[in-house]
Structures are given as C-alpha cells and as structure tokens.
Amino acid sequence: MGSRMIHPVSVCLSLSLGTCWTSTPSPSPTPVGGTRARREGTWGPGKTEGRGGGAGRPEVLPSPLPLPPAVVVLYTQSRASQEWREFGRTEVIDNTLNPDFVRKFVLDYFFEEKQNLRFDVYNVDSRTNISKPDFLGQAFLALGEVIGGQGSRVERPLTGVPGKKCGTILLTAEELSNCRDIATMQLCANKLDKKDFFGKSDPFLVFYRSNEDGTFTICHKTEVVKNTLNPVWQPFSIPVRVLCNGDYDRTVKIDVYDWDRDGSHDFIGEFTTSYRELSKAQNQFTVYEVLNPRKKCKKKKYVNSGTVTLLSFSVDSEFTFVDYIKGGTQLNFTVAIDFTASNGNPLQPTSLHYMSPYQLSAYAMALKAVGEIIQDYDSDKLFPAYGFGAKLPPEGRISHQFPLNNNDEDPNCVGIEGVLESYFQSLRTVQLYGPTYFAPVINLVARAAAKISDGSQYYVLLIITDGVISDMTQTKEAIVSASSLPMSIIIVGVGPAMFEAMEELDGDDVRVSSRGRYAERDIVQVDLTRERKSWSQKARWEGEANSSHSETMSTGQGTRC
C-alpha cells in the first residue's frame, strides 16, 4: 500500500437531519443494535417558523405528538480490512423533526484517499438502552464528497428501512484553523419576555457560528435556568476554533429560547457579536439587546425582548500532547494485566491467555497494539508491569498488583518484548483466580505520579481485562483522586464479556464522580469500540505468517484513543 504523499487537513464535520419520520419507522432488516423498532402512531409534520436554522434551513418545530429522540453514529471504513469501526456519536436530541447536533466530528482529510463514511440514525427512548437503539436509517458517502460539495455541504437521503422515507442527513465540512485557544465566559439576562402561561420563562442560549456562505452552524447550548426572566447561566468553556474557527471577526449569532418540555421551545430573540467583541469583556461588561424580528415588524413601540450581559470572558491556551513532548515531558508507561479465572485455563485453546506457539493470545495482541505506540515516547524503555487477580506461589496469596517479573524491588521490564516475556513466565507460575480489582494498581501508579509537580513526567497506565469490575466504587474513588495528577488510564477490553458498565469510567460525556466529588478532568479512555473477534482473528493471521519462527513477536496496530 502506497505511502501518503500529502499532509492531512483537519476537518470539522457538522451534521443535522432533514424532516424525518413522517410515519412510523419500520424495523431495519439488519440494525447494528440487533433490536427491532417498536413505534405506534404517526408523527405529522411540525410547524415551521420563518427563521434560518443552524444549518441554513427553515427550522422545523415539533408536532404536539411525542417525537423520537435521535442520535447519529459515525462509522469509518478501514482501508486495509474494509471493516466499519465506530468513530463517534452525536448527543441525543429529543422532540424535533429536524435535529441540529452540537457535537461535531473532527477527521483528518487525505486528498489522495477515498475515506468512506457511514452514518446510522437511531431512536433512543427511555425504554431503550443506548447500546440497543431503534434503527431509523443510514447514509453512505465519502468525506471527499462533503468537502467537494457546493459550500462544502451535501444532503443525502437516509435509507435502510424498506418502503419508508427516512428523511435526509445534511453534512457540512470546514477546515479547522490551528488556533488552540479556549474561551471561558459567563452570561446573564435581564427582563426577558415572559413566555409561560403559568410562570415566567425557562431561558437558555444557543450559539451559532457563521459559515462562508452566510448560513449558521450550531456550536454550543447553555443549560436551562427555570422560571425566571433574569437568568444567570453557569460559566462555560469553548474552543475558539469551534466558536469562530480562529477568525476573530466572524459573526457569532446567539438565540435566546424559552424551554418547553415537549421540545417546542419558544423563540424569545437573538443578537449577534464576534469573538473580538466578546473578548472586550475581559475589561468591561458588554450588554446586548435581544431582538425578535417578528415582534419588531408588528409592534411600532417595540424596543427589545430583554438584554443579555456578558459578565466575564477569559482565554487560555490548550496545549497538545506534542507540545508537552517537545517541552521535555517524559512518559512513564505501566502495564496491568488481568489474571482472573474468567479468562480460562491458559493451557486450553479457548482461554484468552492461551499460549500457542503459532499465534499471540488476545492479551498479547492488545499489549502489543497499544504498547508499541506508547513505548516510542518513553525514553528509557523500562516499563513496570503488574498482574492482578491471581494466587501467588508458594502460599497461594491473592494479589492485585504483583510484578510480572517477580521482582518487588524493581518491577521494570525492558521494552514491550520484556513485558511479554514476563507475562508469559507469570502464566506458567501463578494460578488465575479473582476477583477483578482495578483500584489497587491505579492507586499504585497514582502514588508515583503524586511525587511529580513540575510537569517533567507523565504516567500512562494500560489495563487489559476481560470482564466486569468487581470494585467499581473503589475504582471510581481512585480515578477521582488521580484526576488531579499527571496520569492517564487506558482500559482495553478483550473477549466476549459485557463491558457496557465499564463505559461510565470514560468521562467523555459525564465526569466520573465518587461520594459527591467529581473528577477534575477526564483521565480514562475505555477502548471497547473494536470488534471482539478482531483480536483473535488478527492474532491468527499473524501467527500463520510467523509460524516458521514462533519466537518472533508480530507487530500489532494501534488503538484509537
């Protein structure tokens, strides 16, 4: 396969759905979630209001009947294996025929490659687990089609439900600037219009950035402040390139809404500004008039629908991984491997620890896949490696942090090959047992990280496991305590067990909390996205390729973190 000749361009992909689900969705013949749609009744078209929505189309407000909450899952196709792998998901949006998603996807675009994308749309209601949603349609296209479309925008029909019109998906691509600033701001409002019959209003703000063709793309929503005409919203942070793509004079439009439970949020008014104007609030308050164009046309004495005040505004730089490495930060890589009995007898081919002379085990594959990437950033190539959940000889003591090289004073192994050698040796000497405890090894690495305060070192803990955590409460406590330290945790799941409960440790959407205390930052990446069979299948391919010299370890591919 040829090497890439052109440096990739970072592209931000925004998406929204056209008017969807004008009738009950039918079950997909092969939905990813494996469930069948179960909807009753008919959803009629919503009422429209003559204002431009975030995607440059008239906004469709929901009908009085309940509408399905929508989520879109993006899959990318591997060039080598042609397999589809989940890249990410939007947030779930309730009660609208025309969802306009805040969450964007950032992809690297290679001009010389065809990068196939698949978008699956699902309904997720209170009765349906996120992992088993109702299928509503899908669309296939290449990233180049979006970038090459007029205004870097394309609209495609959703298909996959026989005999039904599933609506459309609208995709917009924009090259991201190199701006890495993070803006933090707080706003309040005063004397907003009263919209609720039995109360005041429940206001929230929606931010849009302008596109080059004059349309707008949604980029942030505040929380709802209930029953007040004078709300004060919580401070929030947003990357400057998301707000204006690094163009300080680009128009930013802010809409003010009154929240309604059925999704038919009432439009209060709007105003426009720019990043440059917002930044003036670093020295002074900035007050904006909230205007409702329809009211302004109808009422001669109309002044405004209230005001919004920017109370504070600050900017910080976001440093990347490369910035820290260039600055001299050293990575310290630690491995922890699950030795519980649920993995199966290592002497049996069905075991995830099976030591075959012809192929790597699922654990060895996972270790090589992640380790061979991270070891390039560890200067001394000395890796502490531990096991947990085993009985140790001679007395049969259960340990959840025993060194794989059987050296309590120096648990370091030389390179990933050294870790593999110690791992294989431990399999021959310890008894797989249980239970599955993560907290001891997390706390072990955290104690080392706590000694570093000058940014000179950063710790990465790789945990490879086959199943459900037995000490979830203690693990959450350990993660929350470690979130202020220079360390991160990568959890890789192997085997066919159910790992969904482990996803709550990955704080992408909601920060991990313990006893009322939230993690200061998201330090956990849970890798459960790849197909479970791929570890053993890949091991089998590489084992066949190297059967003539089984002592040589094959090179695995890296995980997406």
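Residues numbered from 1 in each chain as written. Predicted model: local features only at pLDDT ≥ 70, side-chain atom pairs only at ≥ 80, totals over all residues. Heavy atoms only, no water.

1. Concerning the overall build of the protein chain
Tallying secondary structure elements over the protein chain gives 10 helices and 30 strands in all. For the protein chain, the residues scored as buried account for 52% of the 561 residues in total. Long-range pairs, those at least 24 residues apart, make up 69% of the contacts in the protein chain between residues at least 6 apart in sequence. (Helix = DSSP H or I, 4+ residues; strand = E, 2+ residues; numbered from the N terminus. Buried < 20%, exposed > 50% of the residue type's maximum accessible area, 1.4 Å probe, protein only. Contact = heavy atoms within 4.5 Å.)

2. Description of helix α6 (residues 362–374)
The end-to-end C-alpha separation of α6 is 19 Å, in line with the 18 Å expected for 13 residues at 1.5 Å each. With 12 of 13 residues buried, α6 is to be regarded as a mostly interior element. The complete set of buried residues in α6 reads A362, Y363, A364, M365, A366, L367, K368, A369, V370, G371, E372 and I374. (Expected span 1.5 Å × (residues − 1).)

3. Details of a nonpolar patch on the surface
Together, F321, V322, I373 and Y377 make up an exposed nonpolar region whose accessible area comes to about 350 Å². Among the secondary structure elements, F321 is positioned in helix α5 (residues 321–326). (Patch = residues over 30% accessible without salt bridge, like charges linked within 9 Å, V, L, I, M, F, W, Y side chains within 5 Å. Areas by Shrake-Rupley, 256 points an atom, 1.4 Å probe, with all protein chains shown as cover. Salt bridge = Lys/Arg side-chain N within 4 Å of Asp/Glu carboxyl O.)

4. Quick look at the sheet that holds strand β13 (residues 216–221)
In space, the 4 strands of this open sheet follow the order β13-β12-β15-β16, with antiparallel pairing throughout. Each edge of the sheet is formed by a strand with only one pairing partner; in this case those strands are β13 and β16 (266–274). The sheet shows a mean angle of 30° between the axes of neighbouring strands, taken without regard to direction. In this sheet, β13 lies alongside strand β12 (residues 203–210) in antiparallel orientation, the contact comprising 5 bridges. Its bridge partner being in β13, R209 is matched across the sheet by T217. (Pairing = 2+ DSSP bridges. Axes fitted to C-alpha atoms, helices over the stretch in contact; angles between N-to-C directions.)

5. Side note on the packing of α6 against helix α7 (residues 415–429)
Viewed as axis vectors pointing N to C, α6 and α7 meet at an angle of 160°, and their least axial separation amounts to 10 Å. In this view, α6 runs roughly antiparallel relative to α7, as classed from their interaxial angle. Seen from above, α6 lies across α7 with right-handed handedness. Of the residues in α7, those touching α6 at Y363, A364, L367, K368, G371 and E372 are I416, E417, V419, L420, Y423 and F424. The residue makeup of the contact of α6 with α7, split by class, is 8 nonpolar, 1 polar and 3 charged. (Parallel < 35°, antiparallel > 145°, perpendicular 65-115°, else oblique. Left-handed = near helix turned anticlockwise from the far one by under 90°. Nonpolar A, V, L, I, M, F, W, Y, C, P; charged D, E, K, R; others polar.)

6. Considerations on the pattern of salt bridges
Tallied over the full model, the rule gives 16 salt bridges. The partner of K253 in a salt bridge is E270, with the nearest N and O atoms 3.9 Å apart. Linking K253 in strand β15 (residues 251–258) with E270 in strand β16, this pair joins segments that are 17 residues apart in sequence. Relative accessible area serves as the criterion here: at 8%, K253 is assigned to the buried category.

7. With respect to the nonpolar core
Ranked by size, the top nonpolar core spans 36 residues in total, and within it F333, I337, F339, L367, Y423, L462 and V494 carry the most contacts. Within the residue set of this core, elements represented by two or more residues are β19 (330–338), α6, β20 (382–388), β21 (390–392), α7, β26 (457–465) and β27 (487–493). Among the elements that line this core, the one with the most residues is α6, at 8 residues. Setting aside its immediate chain neighbours within four residues, F333 contacts G371, I374, D378, F383, P384, I416, V460 and L462. (Core = buried A, V, L, I, M, F, W, Y, C linked by side-chain atoms within 4.5 Å.)

8. Some thoughts on the confidence of the model for the protein chain
Averaged over every residue, the pLDDT of the protein chain is 81; residues scoring 70 or more account for 82%. Below pLDDT 50 for its whole length, residues 1–6 participates in 10 contacts with residues either more than four positions away or in separate chains. Low pLDDT (under 50) marks residues 21–65, which in the prediction has 119 contacts with non-local residues, meaning those over four places away or in another chain. (pLDDT = per-residue confidence, 0-100.)

9. A word on the sheet that holds strand β25 (residues 431–432)
Here we have 3 strands laid out as an open sheet, ordered β22-β21-β25, and antiparallel in their pairing. Two strands close off the open sheet at either side, each with one partner strand: β22 (397–399) and β25. The sheet contact formed by β21 and β22 spans 3 bridges and is antiparallel. From the neighbouring strand, K391 faces β22, where its bridge partner is I398.

10. Observations concerning the environment of L171
Summarising the element assignment, L171 is placed in strand β10 (residues 168–175). With 155 residues separating them along the chain, L171 and S16 place their C-alpha atoms 6.8 Å apart. Excluding anything up to four places from it in sequence, L171 contacts S14, L15, F119, L141, V146, S152, R153 and V154.

11. Regarding the packing of helix α8 (residues 439–449) against helix α9 (residues 472–482)
Relative to each other, α8 and α9 sit at 15°, their axes nearing to 9 Å. In terms of orientation, α8 lies roughly parallel with respect to α9. In this structure, the crossing between α8 and α9 has a hand that is left-handed. Residues A439, I442, N443 and A446 of α8 form the contact with α9, whose own contacting residues are Q474, T475, A478, I479 and A482. In the contact of α8 with α9, the residues fall into 6 nonpolar, 3 polar and no charged.

12. Comments concerning the environment of G263
Inspection of the secondary structure puts G263 in the loop between β15 and β16. Judged by relative accessible area, G263 falls into the buried class, the value being 10%. Separated by 168 residues in sequence, G263 and N95 place their C-alpha atoms 4.9 Å apart.

13. What to know about the packing of aromatic side chains
The final tally for this structure, using the stated rule, is 14 aromatic pairs. Seen from their ring centres, F204 and Y257 are 5.6 Å apart, and the 20° between their planes marks the pair as stacked. Placement of F204 in strand β12 and of Y257 in strand β15 is noted, with a sequence separation of 53 residues between them. Per residue, the accessibility class of F204 equals that of Y257, and both read buried. Plain terms: the ring middles of F388 and F438 are 5.7 Å apart, the flat faces sit at 80° to each other, and that makes the pair edge-to-face. Taken together, the residues F388 in strand β20 and F438 in the loop between β25 and α8 connect sequence positions 50 residues apart. On the basis of relative accessible area, F438 is assigned to the buried category, the value being 0%. Taken together, F339, F402, Y423 and F424 form an aromatic cluster joined through their ring pairs. Sitting over the ring of F216, K253 keeps its end group 5.3 Å from the ring centre. Sitting over the ring of Y433, K391 keeps its end group 4.2 Å from the ring centre. (Phe/Tyr/Trp six-rings, centres within 6.5 Å; stacked < 30°, edge-to-face > 60°. Lys NZ or Arg CZ within 6 Å of the ring centre and 35° of its normal.)

14. Details of unusual backbone geometry
Cis geometry is found at the peptide bond from P393 to P394, where omega equals 0°. Along the chain, P394 turns up in the loop between β21 and β22. Here the bond from G434 into P435 is cis, since omega is 0°, no more than 30 degrees from zero. Summarising the element assignment, P435 is placed in the loop between β25 and α8. Positioned with a positive phi, N245 is a non-glycine residue whose angle comes to about 55°. Among the secondary structure elements, N245 is positioned in the loop between α2 (240–243) and β15. Phi is positive for K381, close to 55°, though the residue is something other than glycine. Position of K381 among the secondary structure elements: in the loop between α6 and β20.

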